[in-house]
Amino acid sequence: MDEDALSRDDVIGKVCLTRDTLATHPKGFSGWAHLTEVDPDEEVQGEIHLRLEVVPGTRACRLRCSVLEARDLAPKDWNGASDPFVRVRYNGRTQETSIVKKSRYPRWNETFEFELEEGAAEALCVEAWDWDLVSRNDFLGKVVFNVQRLRAAQQEEGWFRLQPDQSKSQRGEGNLGSLQLEVRLRDEMVLPSGCYQPLVQLLCREVKLGTQSPGQLILLIEETTSTECRQDVATTLLKLFLGQGLAKDFLDLLFQLELGRTSEANTLFRSNSLASKSMESFLKVAGMRYLHGVLGPIIDRVFEEKKYVELDPSKVEVKDVGCSGLHRPQTEAEVLEQSAQTLSAHLRALLSSLSRSVRACPAVVRATFRQLFRRVRERFPSAQDENVPFIAVTSFLCLRFISPAIMAPKLFHLRERHADARTSRTLLLLAKAVQNVGNMDTPASRAKEAWMEPLQPTVRQGVAQLKDFITKLVDIQEKEELDLQWALSLQAPPVKEGPLFIHRTKGKGPLMSSSFKKLHFSLTTEALSFAKTPSSKKSTLIKLAHIQAAEKVEEKSFGSSHVMQVIYTDDAGRSQTAYLQCKCVNELNQWLSALRKVSINNTGLLGSYHPGVFRGDKWSCCHQRDKTDLGCDKTRSRVTLQEWNDPLDHDLEAQLIYRHLLGVEATLREKHRQLSAGPEAGPVLTGPGGAPEDPVAQLLQVLQDLREAHRSSPADSPPSEPSRVLELQT
């Protein structure tokens with residue numbers, strides 16, 4: 001799209017990846033895709049409800065087509081709606097329904113009949129159109145049926161997805177530009193929890209045994225994991241053990257394995273090993289809220305100030321800075337001096353914020369850093385390596401967590417938009433300074449970029465501050481760790497919060513967009529509350545257990561495409577609806593996702609809803625006059641966004657680990673064969689009855705059992721049985 005501030009945005013072109021295309025790339029589609037022109041006849045959406053019957057006639061059988069209703073049709077008119085009608089074509093004859101004005105959820109309930117000729121191969125075509133008084137009608141989609149198949153089945157009824165008209169010749173590609181995309185569709189059948197227990201228990205036992213385990217399953221998983229999927233495997237394992245309360249033990253085992261094969265202190269945790277990737281994931285899962293508290297105010301200040309900052313003399317552009325006096329442009333020396341002062345101020349503010357944050361750091365993060373600090377100090381005990389334990393901590397905290405967040409704050413949810421070029425340069429220089437502090441201001445880090453020298457006094461001071469902070473950070477005892485975890489568990493942090501505009505319907509009065517009122521909303525695991533300002537006293541709007549649906553409202557209802565509705569029951573059991581307007585489509589989807597996640601286990605969730613409003617004496621979406629009428633569109637309670645603060649899904653994580661291990665099963669078998677036959681084969685444990693207990697053999701057996709469980713469970717089982725998870729990453 002091409003953004004226009006005053007008029008509608010213009011379409012440049014599109015890339016369309018079908019589900020079949022994604023299915024042929026199990027590891028994901030990655031590459032450049034040509035933009036093509038957007039043909040209105042291909043831009044269709046929605047479903048149509050049809051009933052098709054073959055009935056006896058006087059001379060021959062007749063084909064009866066009942067056009068019942070449609071939902072979620074494409075909005076083709078300026079008001080965000082359409083004026084749909086349906087055209088039914090068979091064997092040279094065409095019949096049409098009536099036109100339903102201003103609706104994307106029309107109901108027709110009209111029936112047409114055609115005479116069936118014996119042996120006729122012609123298809124039945126049902127097309128939806130948007131009627132226009134002046135210009136040509138707009139195509140809304142079609143469904144084509146094989147009449148011979150219908151004759152055999154005699155009857156068919158259901159919702160059918162409208163398909164585009166692709167009869168036109170394909171236009172040339174490449175002249176509109178290209179998009180570089182990485183898209184992956186994950187389609188998993190998740191079995192009931194009990195099926196995964198043997199796998200989870202086996203992996204947990206390995207972690208608890210640590211380096212004393214005879215099977216070394218974790219080491220084996222690392223050795224059989226390719227570089228390209230190591231991050232995914234690390235994240236899944238980390239979440240699995242986090243859910244079992246063993247994240248600290250899992251990471252401690254990885255630390256020991258890495259230290260065991262590291263001889264040079266300066267190469268410690270510098271590779272993309274399973275330990276490094278798992279620790280990265282751990283900090284993002286367990287420490288993101290902490291990062292926001294420490295780094296958020298500093299990032300906001302950099303964005304708000306928009307100062308020109310540059311330390312590299314070869315990149316200084318005086319014209320970008322402006323004037324220091326009335327008409328005198330700043331000199332290069334003044335630019336460099338002012339930039340050093342600005343960066344030093346930001347660095348001091350960040351280090352000061354970090355120094356004050358010891359108690360705010362999650363107990364499990366502190367305990368993990370304590371283990372890391374101890375293990376490294378035991379491995380490199382000499383006086384010349386006294387900084388190595390500190391550098392081990394900063395290699396994760398600064399180099400792999402804080403610095404990347406500074407350089408790309410949007411990816412760490414610190415800002416809604418990416419920085420412009422000027423702000424990006426400031427953030428990059430600040431990140432470099434943080435890296436120098438994290439490297440304990442070693443001569444090697446100073447030698448890389450000599451022009452960073454003006455920051456040295458602040459960097460040296462920062463090293464002392466950082467060492468003092470780490471000393472306090474890792475000084476946590478078991479009792480204090482448990483007390484902190486308990487205290488933090490009592491504080492229910494908001495799942496989502498921010499400004500929204502609210503309108504609640506009462507009576508039959510008109511609903512106007514001007515009646516929306518701006519308030520600050522906060523969603524927790526207990527309720528959706530609001531207040532006049534973020535610091536004001538909150539009032540509960542909706543109790544979480546009372547939410548029945550959270551869905552979009554169609555654009556024509558309020559003249560905005562960013563309105564959602566929360567359907568809930570009040571304390572008296574009456575159904576109510578709150579209409580909330582967001583500032584943009586991303587904010588709308590984030591709120592919908594958050595509301596659906598926290599209410600997913602509610603008992604009274606609705607299966608359908610009205611995407612319009614009840615205005616006057618009818619619903620604006622489907623024109624039905626009964627206010628209690630069942631909804632004309634289906635709810636999407638399980639369609640959510642994947643976000644950093646999502647609750648853990650133990651069964652899905654176990655399924656993903658199983659899927660990965662299944663992919664490397666042949667390698668695991670070969671490794672097992674080599675280990676069993678080798679001279680350094682470990683001691684043989686015995687299980688109940690004296691049977692040999694080989695962890696790798698047990699793992700291979702567990703994989704076999706899970707494979708059989710998947711084969712025997714149907715894909716369309718009810719939710720209490722296996723459930724299907726579709727996940728699209730773009």
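Scope of this entry: the structure provided in the associated data block. All of these numbers come straight from a predicted model, not from anything done at the bench. Counting restarts for each chain, with residues numbered from 1 along the sequence as it is written. In keeping with the predicted nature of the model, local features appear solely for residues at pLDDT of at least 70, side-chain atom pairs appear and are counted solely at 80 or more, and the whole-chain, interface and lining totals rest on all residues. Side-chain metrics in this entry use all non-hydrogen atoms of the structure; hydrogen atoms and water are not considered.

### A look at the pairing of strand β16 (residues 563-569)
Alright, step 1. Whether a residue is buried, partly exposed or exposed follows from its accessible area with a 1.4 Å probe, protein chains only, as a fraction of its type maximum: under 20%, in between, or over 50%, in that order. Helix and strand assignments follow DSSP, with helices taken as H or I runs no shorter than four residues and strands as E runs no shorter than two, numbered in order from the N terminus. Within β16, seven of the seven residues are buried, which leaves the element mostly enclosed by the surrounding structure.
Alright, step 2. The alternating pattern of β16 places Val-563, Gln-565, Ile-567 and Thr-569 and Met-564, Val-566 and Tyr-568 on opposite faces, both of which are buried.
Alright, step 3. Note: two strands are recorded as paired if DSSP finds a minimum of 2 bridges between them. Taken together, the five bridges between strand β15 (residues 547-552) and β16 define a ladder with antiparallel strand orientation. Bridge pairing in β16 places Ala-550 opposite Val-566.
Alright, step 4. Relative to strand β17 (residues 575-581), β16 runs antiparallel, the two being bridged by seven bridges. Across the sheet, residue Ile-567 finds its bridge partner in β17, namely Thr-577.

### Regarding unusual backbone geometry
Alright, step 1. In this structure, Asn-109 is a non-glycine residue whose phi angle is positive, near 55°.
Alright, step 2. Counting through the fold element by element, Asn-109 comes out in strand β6 (residues 107-115).
Alright, step 3. Despite not being glycine, His-623 shows a phi value in the positive range, around 65°.
Alright, step 4. Relative to the assigned elements, His-623 resides in the loop between β20 (618-619) and β21 (633-634).
Alright, step 5. Given a relative accessible area of 24%, His-623 falls into the partly exposed group.

### A few points about the side chain of Glu-310
Alright, step 1. Mapped onto the elements, Glu-310 comes out in the loop between α7 (274-305) and α8 (332-355).
Alright, step 2. Exposure remark for Glu-310: the relative accessible area of 3% places this residue in the buried category.
Alright, step 3. Here Asp-312 takes part through its backbone nitrogen, which lies 2.9 Å from a polar atom of the side chain of Glu-310.
Alright, step 4. Definition of a polar contact: a pair of N or O atoms within 3.5 Å, with one able to donate and the other able to accept a hydrogen when the atoms are protein atoms, and with sequence-neighbouring residues admitted only if both atoms are side-chain atoms. Engagement of the side chain of Glu-310 in a polar contact is seen with the side chain of Arg-425, the distance being 2.8 Å.
Alright, step 5. Whether two residues touch is decided by their heavy atoms; if any such pair falls within 4.5 Å, the residues are in contact. Beyond its immediate chain neighbours, meaning those up to four positions away, Glu-310 contacts Lys-315, Val-316, Val-335, Leu-336, Ser-339, Arg-425 and Leu-429.

### A look at the pattern of salt bridges
Alright, step 1. Salt bridges are identified by distance alone: a Lys or Arg side-chain nitrogen within 4 Å of an Asp or Glu carboxyl oxygen. Under the defined criterion, the tally for this structure stands at 42 salt bridges.
Alright, step 2. Two residues, Glu-43 and Lys-14, come together in a salt bridge whose shortest N-O distance is 2.7 Å. Of this pair, Glu-43 sits in the loop between β1 (29-34) and β2 (47-55) while Lys-14 sits in the segment before α1 (19-23), and the two are 29 residues apart along the sequence.
Alright, step 3. Judged by its relative accessible area of 18%, Lys-14 falls in the buried class.
Alright, step 4. Residue Asp-232 pairs with Arg-184 through a salt bridge whose shortest N-O separation is 2.9 Å. With Asp-232 in helix α5 (residues 230-243) and Arg-184 in strand β10 (residues 178-190), this pair connects stretches of sequence that are 48 residues apart.
Alright, step 5. Taken together, the salt bridges that share partners define one network made up of Arg-62, Arg-64, Glu-113 and Glu-115.

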